[in-house]
Amino acid sequence: MKKYTSVHDLPSIKEGLKIAFDVKANPFAHQHLGKNKTMILLFLNSSLRTRLSTQKAAMNLGMNTMVLDVNQGAWKLETEHGVIMDGDKPEHLLEAIPVIASYCDIIGVRAFALLENREEDYNEVIINQFIKYAGVPVVSMEAATRHPLQSFADLVTIEEYKKTPKPKVVLTWAPHPRALPQAVANSFVEWMRETDYELVVTHPKGYELAPEFMGNLKPEYDQMKAFEGADFIYAKNWSAYGDYGKILSKDMDWCVSKRQMDVTNNAKFMHCLPVRRNMIVSDDVIESENSIVIQQAANRTVSAQAVLKMMLESLK
Ligand code: AN0
Ligand code: CP
């Protein structure tokens, strides 16, 4: 595995899950793989889970890790080609990438969508430069359009908690005060469509996700109808894809509360975290027995370790 940016980089969902459950059962069984190997985790944006779980995964595999927060202590990076660098960015990505790569065997990159130019974000301009110029394997720790370590952990979690072979899984939009990327939602839909689960996506009009992710799937605009009989509720905010990066609604009726959970099939509640309580989900729902957000976050180590294991095996 030379890069990990989407579900399509896994050999298959089935094989990915097999490796994930294997590393979960035996986290220290492959320590030899990472001996004398170094991973650099590069953050252009904030993180709690990705930062810690990916380091933990690398350490479980015997690797050394280094973390760099680009906006705190490193030179600000220019990402555009051909510009006269007379602004506030002293270093170009084109030098920074091979320099970073010279110190490590695997690079993890977090580079959110800037939500200014849809074409640039959806062309994955930043992570693609890492893939092109690093010369070492690159792991997406959330890029502009996808968050594949999150979606892999989500899949592992659903596999652990499902009570029927084909559960009904509902992705619901919920309100948020700031404009957020579509990456988590895009990626979740992309992964769920690779399974044989029943997937329903619900959001207010105007929040349609990109056709490349939705395919033939049509959104259900009635949230209560979407929730009927659901086995899993996955809440997430995202900004508009059509009217790109805009907040079109802050309708608090979409905040997931007991009213909606009551029409489900005793559904489990999921969210990638960080979550704003009483915007995305009510206190009572996230604190209920059906909330599996902590177990879901814990599986971030599992997905990262499965991916890093596959990468280390391909370095040999
Ligand atoms: C980010 C997002 O929505 O993409 C990261 C989620 C894992 N969330 C926030 O910025 C709050
Ligand atoms: N879910 C997730 O990626 O969390 P962080 O932004 O804290 O890494």
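Residues numbered from 1 in each chain as written. Chains lettered and ligands numbered in written order. Predicted model: local features only at pLDDT ≥ 70, side-chain atom pairs only at ≥ 80, totals over all residues. Heavy atoms only, no water.

Visitor: Please set out the nonpolar core residue by residue, giving values where relevant.
Guide: Of all hydrophobic cores here, the largest spans 55 residues; its most connected members are Y4, V139, F152 and L171. The greatest single-element share of this core, amounting to eight residues, is contributed by helix α12 (residues 293-315). Two domains each put at least three residues into this core: domain 1 (3-146 + 299-314) and domain 2 (150-296). The contacts of L171, once residues within four sequence positions are left out, are A185, F188, V189, V200, V201, T202, L209, Y234, K236 and W238. (Core = buried A, V, L, I, M, F, W, Y, C linked by side-chain atoms within 4.5 Å. Buried < 20%, exposed > 50% of the residue type's maximum accessible area, 1.4 Å probe, protein only. Helix = DSSP H or I, 4+ residues; strand = E, 2+ residues; numbered from the N terminus. Domains from an automatic or database assignment. Contact = heavy atoms within 4.5 Å.)

Visitor: Could you give an account of helix α6 (residues 148-161), with specific residues and numbers?
Guide: Spanning 14 residues, α6 covers 20 Å between terminal C-alpha atoms, matching the ideal 20 Å at 1.5 Å per step. In terms of burial, α6 is largely enclosed, as eleven of its 14 residues are buried. Considered for burial, the residues of α6 that qualify are P148, L149, Q150, S151, F152, A153, D154, L155, V156, T157 and I158. (Expected span 1.5 Å × (residues − 1).)

Visitor: Now, about the pattern of salt bridges: what can you tell me, with residues and values included?
Guide: Should the charged atoms of two oppositely charged side chains come close, the side chains can pair. The full count for this structure, using the stated rule, is twelve salt bridges. D9 serves as the salt-bridge partner of K3, at 3.0 Å between the closest nitrogen and oxygen. On the accessibility criterion, D9 (18% relative accessible area) is buried. Overlapping salt bridges bring together R146, E190 and E212 as one network. (Salt bridge = Lys/Arg side-chain N within 4 Å of Asp/Glu carboxyl O.)

Visitor: Before we move on, could you go through the pairing of strand β9 (residues 198-202) and cite the residues and values that matter?
Guide: With four of five residues buried, β9 lies mostly within the body of the structure. Where strand β8 (residues 168-173) and β9 come together, five bridges link them in parallel fashion. Its bridge partner being in β9, T172 is matched across the sheet by T202. Handedness of the β8-helix α7 (residues 183-192)-β9 crossover: right-handed. (Pairing = 2+ DSSP bridges. Right-handed = clockwise from strand over helix to strand, strands pointing away.)

Visitor: Now, about the site of ligand 1: what can you tell me, with residues and values included?
Guide: Taken together, F112, E142, H147, L180, P181, K236, C272 and L273 make up the full set of residues adjacent to ligand 1. With respect to ligand 1, the side chain of E142 contributes an N or O atom lying 2.6 Å from an oxygen atom. The side chain of K236 places a nitrogen or oxygen atom 2.7 Å from an oxygen atom of ligand 1. Judged by the fraction of its atoms near the pocket grid, ligand 1 is located in the second largest pocket. Each residue belonging to the shell around ligand 1 can be placed in one class, and the counts come to five nonpolar, one polar and two charged. (Near = heavy atom within 4 Å. Polar contact = N/O pair within 3.5 Å; in protein donor to acceptor, adjacent residues only side chain to side chain. 1 Å grid on protein atoms, 1.4 Å probe; cavity = no way out; pocket = protein on both sides within 12 Å on 5 of 7 lines; lining within 4 Å. Sits in = over half its atoms within 2 Å of the grid points. Nonpolar A, V, L, I, M, F, W, Y, C, P; charged D, E, K, R; others polar.)

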